[in-house]
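# Commentary on secondary and tertiary structure
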Amino acid sequence: MTVSSLTQSFRFVASSLRNHGAPEWRIESEILLRHTLGMTRSDFLTTLYTRDSPISTSQSRHLESLLNQRLAGEPLAYIVGRREFYGIELRVTDRVLIPRQETELLVDIALERLRRTDSSPIPIVADIGTGSGAIALAIATNAPHAAIIATDIDTGALDIARRNAAVLSQNEHTDNQLTERVSVSFIAGDLLKPLRGPLDIIVSNPPYIPSDSIENLQEEVRREPRLAIDGGSDGLTLFRRLLAQSKDRLAPGGTLIVELMPEQMETAAKIAAREMPNTRSIDTHRDLTGAERALAIEIY
């Protein structure tokens, strides 16, 4: 890789990623360069399209190293160590599932339910299998009147979630800032086992990929924690356990919100109707692509 300017670097990285078949090669090229050069998006675009600037040999070598990692299948979020989710920036490592845009639907549903809940002076929301803390922190920043609890069986993941919470609460320049009114508690444990209830909302993006299908996933997805993607023989093992544990922990009028594969929705809804007592409604919700992505189960 022999380049001497930001513009040349961008063209080289973009061409490499495009030829490799990366669908978002332009965005990924920008992120890799901004990460290497420590630039804001505004400064990067201004430099790229108006004045250009040289880059050092060490920067060029570092960029080449990052590009080679990406071409080898390493997820971009793990390479740069961060991911944006619901308007907040999160630190991510290979200990946690990479937050994805479709999962923002769970936050939308939870916030809508919180806006109309009157079951508790301080509604309590539990994010189960929190990983990086994405769902819990997104809800907390947009619903400061709620108390948020987040659990994960992986203590390493909880360390990352706690760090994300600390960074977010200390950032005085973000519009989505945690305040003293927000209660976010991170608890180690298997699903809902460490919690007693009553909980007004239980929200979760559990592992839901069938075990036999994992080897057919894209290489970068296979590099994410197996614990966070393997949903058992039919992908619904964790869903069934979560459903069973929710029975004794949901408050009257409470809702369980779960992300699943579109192909699993019909089966999951039938299981919920059969297993969950006092069910008021079972609704599916579509993501921005139109795919059924979330199941919301409300009880009386």
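### A word on the overall build of the protein
A count of helical and extended segments in the protein gives 12 helices and 9 strands. Here the C-alpha radius of gyration of the protein, 21 Å, is about what a compact globule of 300 residues would show, namely 19 Å. Seen through its principal axes, the protein has C-alpha atoms that stretch 65 × 45 × 35 Å. Each of the 300 residues in the protein was classed as buried or not, and the buried ones make up 51%. Considering only contacts within the protein whose residues lie at least 6 apart along the sequence, 65% involve residues at least 24 apart.

### Description of the confidence of the model for the protein
On average, residues of the protein score 92 in pLDDT, and 94% of them are at 70 or above. Residue range residues 172-182 is modelled with pLDDT below 50. Its contacts to residues more than four positions away, or to other chains, number 20 contacts.

### Focus: the environment of Met265
As for its position among the elements, Met265 is in helix α12 (residues 265-275). As a C-alpha pair, Met265 and Glu292 span 27 residues in sequence and 7.3 Å in three-dimensional space. For Met265, the residues in contact, after removing those within four places along its chain, are Leu260, Thr284, Glu292, Arg293, Ala294 and Leu295.

### Structural notes on the environment of Val92
In this fold, Val92 is placed in the loop between β2 (88-91) and α6 (104-116). A C-alpha to C-alpha distance of 17 Å links Val92 and Thr151, two positions 59 residues apart in sequence. With residues up to four places along the chain from it excluded, the contact list for Val92 reads Ala77, Tyr78, Gly81, Arg82, Arg83, Pro99 and Ser132.

### Overview of the pairing of strand β4 (residues 147-152)
The element β4 is extensively covered by neighbouring structure, given that 6 of its 6 residues are classed as buried. The alternating pattern of β4 places Ala147, Ile149 and Thr151 on one face and Ile148, Ala150 and Asp152 on the opposite face, and all of these are buried. Pairing analysis gives 5 bridges linking strand β3 (residues 124-128) to β4, with the strands arranged parallel. Among the inter-strand pairings, Val125 is bridged to a residue of β4, identified as Ile148. In this view, the connection linking β3 to its parallel neighbour β4 by way of helix α7 (residues 134-142) has right-handed handedness.

Rules behind the numbers
Position numbers for residues start from 1 in each chain and track the written sequence from start to end. pLDDT decides what is reported in this predicted model: residues at 70 or higher carry local features, side-chain atom pairs at 80 or more are listed and counted, and totals for whole chains, interfaces and linings draw on all residues regardless. Excluded from the side-chain calculation are hydrogens and water; included are all heavy atoms of the structure. The helix count covers DSSP runs of H or I at least four residues long, the strand count covers runs of E at least two residues long, and both are numbered beginning at the N terminus. As defined in this context, the radius of gyration uses C-alpha atoms, and a globule is described by 2.2 Å times the residue total to the power 0.38. Here's how the labels work: a residue is buried when its accessible area is under 20% of the maximum for its type, exposed when over 50%, partly exposed in between, all with a 1.4 Å probe on protein chains only. Here, residues are in contact when the closest pair of their heavy atoms is within 4.5 Å. The predictor attaches a confidence to each residue, called pLDDT, with possible values from 0 through 100. Strands qualify as paired when DSSP identifies two bridges or more between them. Seen with its strands pointing away from the viewer, a crossover is right-handed when the path leading from the first strand over the helix to the second is clockwise.

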